[in-house]
Structures are given as C-alpha cells and as structure tokens.
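Chain by chain, the residues:
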Amino acid sequence: HGSELLVEWTMQHACGNPVKNTMCQAVIQYMCSSDVDTDSTLPGLRDGKDDNANRRRSAGGSENGNTNADNANEDDAADAVRPRHEPYADYDACRKRQRNKGLYTADQAMRNDRGATSTRQNRNGNRYGLECPEERDYYPYWHPSGWRDVVVFT
C-alpha cells in the first residue's frame, strides 16, 4: 500500500490569477541516500542532532563561523552529528564548476571565483549547508543531480 505524506507550501511571490503577468512553478523533489552514497563506509543523508546551532548551520564545515564556499570540507561534512541533506561531492563539484554566465544576473556584481555557488540570488557564493545555489535557483538544472522530481506544478 505504501506511505502517505501530506505536503503544504506557500509561494513567496505572486503566482497566477489574479495577477496575469506572472509565471511560477512549484517543484517537489526527493533524494535517497542510496542514490548518492556509493561508499558504504560514509554516513548517508541525515537529520542533524547537534544542539549547537552554529555547527548545524555550517553542515559542510566553517572557519571561525565563515560558511563561504571555500570553507566547506569533507571531514566536517562526514561528521555524523551534523545534518547532511546533500553529499559533499556534489557541493565540491558545484563550487569548482564555472557558473553559467548566460543566466540573468540583473545588476548584481557576481563573484566569478566561486563557481556555480554564485548566482543572482547568492552573488557572494555564501553557503547554506551543502546545497548548490545554481541548482537550487534554476530548474531544470543542466548538470547531473541526485534530486528526483516527484511533481512539477505549473
């Protein structure tokens, strides 16, 4: 019979009627640890159990509280007490990959030294856990990803 999951969400900006000049999508995705962890000796995707809020926010590591792209490290990402919603290898590839310079950036001064972690909505390449900002901000994403679509509402 399977499982049931109730899902609710709120759209941050206008979406459809009565505003006629907006276009929006809501995408629900999932990732399974078995899809992304090929090395069974590493802990997989997990909720954080760390009572220290600063360490929780810096799931991929930090240096003196600085969670920019350069301070992500595999040892901190592997620490089982910290949350991990995406594998370190995916984030590492994101920060090393050249950002897509064909994307709309408005008047933002982009950090071209931060790879795909620098986007119009994250121009300094700041890090929130191990998510790849370019992948988060643009759908569908054009690089391999462990995320699987459940539904795309348009």
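Residues numbered from 1 in each chain as written. Predicted model: local features only at pLDDT ≥ 70, side-chain atom pairs only at ≥ 80, totals over all residues. Heavy atoms only, no water.

(A) Quick look at the pattern of salt bridges. Using the criterion set out here, one finds 5 salt bridges in the structure. Ionic pairing is found between Asp92 and Arg95, a salt bridge with its closest N-O pair at 2.9 Å. Here the residue Asp92 and the residue Arg95 both occupy positions in helix 4 (residues 88-96), the gap between them amounting to 3 residues, near one helical turn. Judged by relative accessible area, Asp92 falls into the buried class, the value being 14%. Residue Glu131 pairs with Arg136 through a salt bridge whose shortest N-O separation is 2.8 Å. Here the salt bridges share partners, and the residues they tie into one network are Asp92, Arg95 and Lys96. (Salt bridge = Lys/Arg side-chain N within 4 Å of Asp/Glu carboxyl O. Helix = DSSP H or I, 4+ residues; strand = E, 2+ residues; numbered from the N terminus. Buried < 20%, exposed > 50% of the residue type's maximum accessible area, 1.4 Å probe, protein only.)

(B) The arrangement of helix 4 in detail. Among all positions of helix 4, only Tyr88, Tyr91, Asp92, Cys94 and Arg95 are buried. Axial view of helix 4: buried residues confined to an arc of 160°, hence all on one face. What points out from helix 4, more than 90 degrees from its buried face, is the exposed set Ala89 and Lys96. (Arc of directions from axis to C-beta.)

(C) Region of the structure containing the confidence of the model for the protein chain. With 76% of its residues at a pLDDT of 70 or more, the protein chain has an overall mean of 79. Taken element by element, the predicted model of the protein chain shows its lowest mean pLDDT in helix 2 (residues 53-57) (60) and its highest in helix 5 (residues 133-137) (91). (pLDDT = per-residue confidence, 0-100.)

(D) Quick look at unusual backbone geometry. A cis amide bond, omega -5°, links Tyr139 with the succeeding residue Pro140. Tracing the chain through its elements places Pro140 in the loop between helix 5 and strand 2 (148-153).

(E) Here's a closer look at the state of the cysteines. Applying the stated criterion across every chain yields a total of 1 disulfide. Residue pairing for Cys94: its cysteine sulfur links by disulfide to Cys132, the two sulfurs lying 2.1 Å apart. In this structure, the disulfide formed by Cys94 and Cys132 twists by about 70° around the S-S bond and is classed as right-handed. Of this pair, Cys94 sits in helix 4 while Cys132 sits in the loop between helix 4 and helix 5; the two residues are 38 residues apart in sequence, bridging distant segments of the chain. Grouping residues by exposure puts Cys94 and Cys132 together as buried. (Disulfide = S-S within 2.5 Å.)

(F) Looking closely at the nonpolar core. In terms of nonpolar packing, the biggest core is built from 5 residues, these being Ala72, Ala77, Tyr88, Tyr91 and Leu130. Contact partners of Tyr88, with chain neighbours within four places excluded, come to Ala72, Asn73, Glu74, Ala77, Arg95 and Leu130. (Core = buried A, V, L, I, M, F, W, Y, C linked by side-chain atoms within 4.5 Å. Contact = heavy atoms within 4.5 Å.)

(G) Spotlight on the environment of Glu74. In this fold, Glu74 is placed in helix 3 (residues 74-78). Judged by relative accessible area, which is 46%, Glu74 ranks as partly exposed. Separated by 13 residues in sequence, Glu74 and Pro87 have C-alpha atoms that sit 9.4 Å apart.

(H) Structural view of the packing of aromatic side chains. Tallying each qualifying case throughout the model produces 3 aromatic pairs. Ring plane angle 45° and centroid distance 6.3 Å describe the contact between Tyr138 and Trp142, whose orientation is recorded as tilted. We classify Trp142 as partly exposed; its relative accessible area is 37%. When the ring of Tyr141 is compared with that of Trp142, the centres are 4.6 Å apart and the planes differ by 40°; the resulting orientation is tilted. With relative accessibility at 15%, the residue Tyr141 sits in the buried group. (Phe/Tyr/Trp six-rings, centres within 6.5 Å; stacked < 30°, edge-to-face > 60°.)

(I) Region of interest: a nonpolar patch on the surface. Together, Leu5, Val7, Trp9, Met11 and Phe153 make up an exposed nonpolar region whose accessible area comes to about 510 Å². By secondary structure assignment, the location of Phe153 is in strand 2. On the accessibility criterion, Phe153 (36% relative accessible area) is partly exposed. (Patch = residues over 30% accessible without salt bridge, like charges linked within 9 Å, V, L, I, M, F, W, Y side chains within 5 Å. Areas by Shrake-Rupley, 256 points an atom, 1.4 Å probe, with all protein chains shown as cover.)

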